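Remarks on the overall topology
These are the residues of each chain, in order.
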Amino acid sequence: MEENQVMTNTLKISIFLFLMVRSIGFSQQKQDSLANRISKISTATTAEKSTKSSIPVETMFGNRKVNYLSILNNKLGNSKKLSYFSVITIAAPYDKTNGPNELIVSNALTYKLSKKLFATGGLQYHFLKGVVPASGFQFFSANAKWLFVLSSSIAFALNTSFQNVGIMEFKPCISNILKLYTRVQGIYNIKLKNNLHERSLLYLRTGLTIKRTSLGLGFNMDFYGPDKTKQENFGIFIHQLL
């Protein structure tokens, strides 16, 4: 009963977060529409408003668990260097033998050091560690076809850990309305006290994109603890830009 309650609560959180991010996306669309009207008066204002980032939201229905991911990256006010960056990940196994429900919420402020390099600092909620302060650096480069993200950070918990994150997307056009969508995503996390492996993963995605929605096949490999206990999960994912 307790495990079922945890599962129910996790699913409720997932739905709430999706609706919250969705509402933010609608709000941004309204702001973009307003910017288009203002552009008739000021071309410079239009160019500034058009830089607002989209919100990627992804859910994968696998053979062992459901995985959810959303990313929010917005500039703060009129600042050209300071932004708010948030990542939400949820993993909800269908069966308790496949591990606990996982919820991780990262909230950070990013400061632009150069065109592609950022300093980051903020708080993370981890389903096992609670609230953890973290800071580090992030490299980000993107265009219509490619996206690269490299991030290194230190989480200052009781067991201080060092985490490296890498993401690469390749999205070439197939036709006027169709794109290929591929992504490789990896994380490697070690404890600084003893240099032992704590958590790592490798996620693969391949599918097709029509307008702002991608659909395809996903494969996850998660590794836990010093002995790198492996769990695999494969299924269908849907990825949407709000």
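Residues numbered from 1 in each chain as written. Predicted model: local features only at pLDDT ≥ 70, side-chain atom pairs only at ≥ 80, totals over all residues. Heavy atoms only, no water.

**With respect to the pairing of strand β8 (residues 161-170)**
Bridge count for strand β7 (residues 146-155) against β8 is 10 bridges, and the pairing is antiparallel. Within the sheet, the bridge partner assigned to W146 lies in β8 and is F170. Between β7 and β8, which pair antiparallel and follow one another directly, the connecting turn spans five residues. Of the pairings in the sheet, the one linking β8 to strand β9 (residues 178-191) comprises 10 bridges and is antiparallel in character. For S161, the partnering residue across the bridge sits in β9 and is K191. (Pairing = 2+ DSSP bridges. Helix = DSSP H or I, 4+ residues; strand = E, 2+ residues; numbered from the N terminus.)

**Examining the packing of aromatic side chains**
The tally for this structure, following the rule as stated, stands at three aromatic pairs. Note on W146 and F170: the rings are 4.5 Å apart at their centroids and 35 degrees apart in plane angle, and the pair reads as tilted. Taken together, the residues W146 in strand β7 and F170 in strand β8 connect sequence positions 24 residues apart. The interplanar angle of 50 degrees and the centroid separation of 6.0 Å between the aromatic rings of Y181 and F237 together place this pair among those described as tilted. (Phe/Tyr/Trp six-rings, centres within 6.5 Å; stacked < 30°, edge-to-face > 60°.)

**Focus: a positive patch on the surface**
A cluster of basic residues, K75, K80, K81, K112, K115 and K116, forms a positive patch at the surface. Inspection of the secondary structure puts K81 in the loop between β2 (65-75) and β3 (82-93). (Patch = residues over 30% accessible without salt bridge, like charges linked within 9 Å, V, L, I, M, F, W, Y side chains within 5 Å. Areas by Shrake-Rupley, 256 points an atom, 1.4 Å probe, with all protein chains shown as cover. Salt bridge = Lys/Arg side-chain N within 4 Å of Asp/Glu carboxyl O. Lys, Arg positive; Asp, Glu negative; His and termini not counted. Charge placed at Lys NZ, Arg CZ, Asp CG, Glu CD.)

**Examining the pattern of salt bridges**
With the rule as written, the count across this model stands at seven salt bridges. In this structure, K129 and E198 form a salt bridge, with 3.1 Å as the shortest nitrogen-oxygen distance. Of this pair, K129 sits in the loop between β5 (117-126) and β6 (130-142) while E198 sits in strand β10 (residues 197-210); the two residues are 69 residues apart in sequence, bridging distant segments of the chain. Since its relative accessible area comes to 15%, E198 is described here as buried. One salt bridge connects R199 with D222, and the closest N-O pair in it is separated by 3.0 Å. Pair noted here: R199 is in strand β10 and D222 is in strand β11 (residues 213-224), with a separation of 23 residues, a long-range link. Residue classification places D222 among the buried positions, given a relative accessible area of 2%. (Buried < 20%, exposed > 50% of the residue type's maximum accessible area, 1.4 Å probe, protein only.)

**Structural notes on the side chain of N67**
Relative to the helices and strands, N67 resides in strand β2. Of the polar contacts made by the side chain of N67, one reaches the side chain of N220; its length is 3.2 Å. A distance of 3.1 Å separates the side chain of N67 from the side chain of N233, its partner in a polar contact. (Polar contact = N/O pair within 3.5 Å; in protein donor to acceptor, adjacent residues only side chain to side chain.)

**What about the environment of D95?**
Mapped onto the elements of the fold, D95 is located in the loop between β3 and β4 (102-112). As a C-alpha pair, D95 and K65 span 30 residues in sequence and 8.0 Å in three-dimensional space. Looking at D95, its side chain comes within polar contact range of the side chain of T97, at 2.7 Å.

**Describing the sheet that holds β9**
Spatially, β1-β2-β3-β4-β5-β6-β7-β8-β9-β10-β11-β12 is the arrangement adopted by the 12 strands of the closed barrel, whose pairing is antiparallel. Averaged over neighbouring strand pairs, the angle between their axes works out to 20 degrees when direction is ignored. Looking at chain direction, β11 and strand β12 (residues 229-241) are connected through 12 bridges and run antiparallel. Bridge pairing links F223 to K230 in β12. (Axes fitted to C-alpha atoms, helices over the stretch in contact; angles between N-to-C directions.)

**What to know about the nonpolar core**
I55, V57, Y68, L72, I88, I90, L103, V105 and L242 together form the largest nonpolar core, which totals nine residues. Of all the elements in the fold, those that place two or more residues in this core are β2, β3 and β4. Counting seven residues, the second largest nonpolar core, distinct from the first, contains V149, V165, I187 and Y203. (Core = buried A, V, L, I, M, F, W, Y, C linked by side-chain atoms within 4.5 Å.)

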